[in-house]
Amino acid sequence: MKLKGAKKVINSHRIDKSSFKKIDGHFDTFRQLIVVNSSEDLLRYWYLCIDKKEISNDAKTTTNISSQLVLVSKIKSNNQLELIELCKASKYRNFLINEGNLIWIFSENRLYKISKETMTIQTILMPSRLIPFYNDCSGDSNLIWAWATDYGRFGKKQGLIIYRIDKNTNNIVSNSVFFEMPIEHLTFREEKYSDCTYLWLSCEISRQFQQPSGYFIPYLLRISKADLTTELLLIEPTFGEAIHTVMWNFFLRPLMWIKQ
Amino acid sequence: MKTNIFKNSPQIRWLFTIFFGCIILLICFGCAYVPSHRVDAILKMQDDLYIASSNGYIKIFDAQSHELKKRFNLPTMRYSRSYWPPRVTSMISENDDLIIFANQGTKNAIFLKRSEMPPKEVATFELMMSSFLCGKDHNYYYLNEIERGQKGYK
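A quick note: this is a predicted structure, and the numbers were derived from the prediction, not measured.

Calculation notes
- Residues numbered from 1 in each chain as written.
- Chains lettered and ligands numbered in written order.
- Predicted model: local features only at pLDDT ≥ 70, side-chain atom pairs only at ≥ 80, totals over all residues.
- Heavy atoms only, no water.
- Helix = DSSP H or I, 4+ residues; strand = E, 2+ residues; numbered from the N terminus.
- Buried < 20%, exposed > 50% of the residue type's maximum accessible area, 1.4 Å probe, protein only.
- Contact = heavy atoms within 4.5 Å.
- Areas by Shrake-Rupley, 256 points an atom, 1.4 Å probe, with all protein chains shown as cover.
- Patch = residues over 30% accessible without salt bridge, like charges linked within 9 Å, V, L, I, M, F, W, Y side chains within 5 Å.
- Salt bridge = Lys/Arg side-chain N within 4 Å of Asp/Glu carboxyl O.

Draft legend 1. The arrangement of the overall build of chain A in detail. When its secondary structure is counted, chain A shows one helix and 19 strands. Relative to its 260 residues, chain A shows a buried fraction of 48%. Considering only intrachain contacts with a sequence separation of at least 6, the fraction spanning at least 24 residues in chain A is 40%. Per element, the accessible surface of chain A, about 13800 Å² overall, is 52% carbon and sulfur.

What follows is the structure in structure tokens.
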């Protein structure tokens, strides 16, 4: 008898923007598709979807381990859908980047480069599972920036590797990022951002390894695109927030509880 | 003649000790629970960097100087017979409006902060589910809700 892991169930729904009402399913026609990421350009909407029909007949139940990844394009003028089947979906998150004439899909250690005009797919193998930065700079058109955690030797000290992917030659250049302050343990969150000069990541840092999660301190990590120098910006609660929290705990939360 | 009530009646002395002990314990409990502060979401709107902190505050920093310009807190959400700060799952901007998706326990809420709203006002739309935003277009927000099933034997 083998212990089986907990099964993951994804329930998909959409919310009407005008009325804020909930509607079951993501598409009216292809009910088995679950949107995991989306983007838009002038002519089309692009949705990266998981096809849950592959795994189970039960419409509500799916695991994203062996499901198929599908790129769906919707033409804005007539709402016509077009499906492109890609590969097995990653059990981690899949990312879609829409820039210029190309769609880039990050799934596991594979990168799919899809031409919007010819719909040809080019597969690029990546050194590890990369997470792209969403770009907010129209001038930075030749590179795609991505990051991965560097677990280091024996997984004890974590670091960061920044990858630069050349859009034309598909060349991937990696650089390890070093921190000026001594850091024992880092947890990077997937909240990331990129503007013309900096890459932004949020992270939590513990100075002592294997501390309980409460001891992690939140920082914003700012990396310069020019020379990959880092700066850590502490996000700490202000005095007013601390007073607000204590007041809530001390008076208001017990009062609410008694009122009910 | 003055009488020392603490000296003459040990019951009153005990009552005072218990009373002040309870007050000290309450203060300790009140100060001890501070929600873990972490960055839940980042969004850049024009020259401002919006950071959703897990204590329910949205902090607006200047993107260049990183100075805290403004902050506002999201309304608390009722969960498990009490009210708690919401955990922001994603933040997006549409036509200069800030749209915040947050959840607390099994509840999900959409907070809408229009550009013309007063600084501390936020519109709330509560939904009975715990889900996260995974896409949007001109008509809809697409959300997924992940339920973890029970572990079992094969």
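Now that the structure has been shown, the text picks up again.
Draft legend 2. Up close: a nonpolar patch on the surface. Residues and elements named next belong to chain B. A contiguous nonpolar patch, built from Phe16, Phe19, Phe20, Ile23 and Ile27 and spanning about 460 Å² of accessible area, is present on the exposed surface. Along the chain, Phe16 turns up in helix H2 (residues 10-32). Here Phe16 falls in the partly exposed class, since its relative accessible area comes to 37%.

Draft legend 3. Representation of the environment of Ile121 of chain A in the model. Residue and element names in this part refer to chain A. Here Ile121 lies in strand E11 (residues 121-125). With relative accessibility at 38%, the residue Ile121 sits in the partly exposed group. Through-space distance from the C-alpha of Ile121 to that of Ile162 is 25 Å; in sequence the pair is 41 residues apart. Not counting the four nearest positions on each side in its chain, Ile121 is found in contact with Ile84, Glu85, Leu86, Tyr112, Lys113 and Ile114.

Draft legend 4. Highlighting the pattern of salt bridges. Evaluated as defined, the whole model comprises eleven salt bridges over all chains. Of the charged contacts in the structure, one is a salt bridge between Glu40 of chain A and Lys76 of chain A, with a shortest N-O distance of 2.7 Å. Taken together, the residues span a long stretch of sequence, with Glu40 of chain A in strand E4 (residues 33-40) and Lys76 of chain A in the loop between strand E6 (68-75) and strand E7 (81-88) at a distance of 36 residues. Classification of Lys76 of chain A by relative accessible area gives partly exposed; the value is 27%. Ionic pairing is found between Glu82 of chain A and Arg44 of chain A, a salt bridge with its closest N-O pair at 3.9 Å. Of this pair, Glu82 of chain A sits in strand E7 while Arg44 of chain A is found in strand E5 (residues 44-51), placing the two residues 38 residues apart along the sequence. Residue Glu82 of chain A is classed as partly exposed on the basis of its relative accessible area of 32%. Overlapping salt bridges bring together Lys17 of chain A together with Glu94 and Lys136 of chain B as one network.

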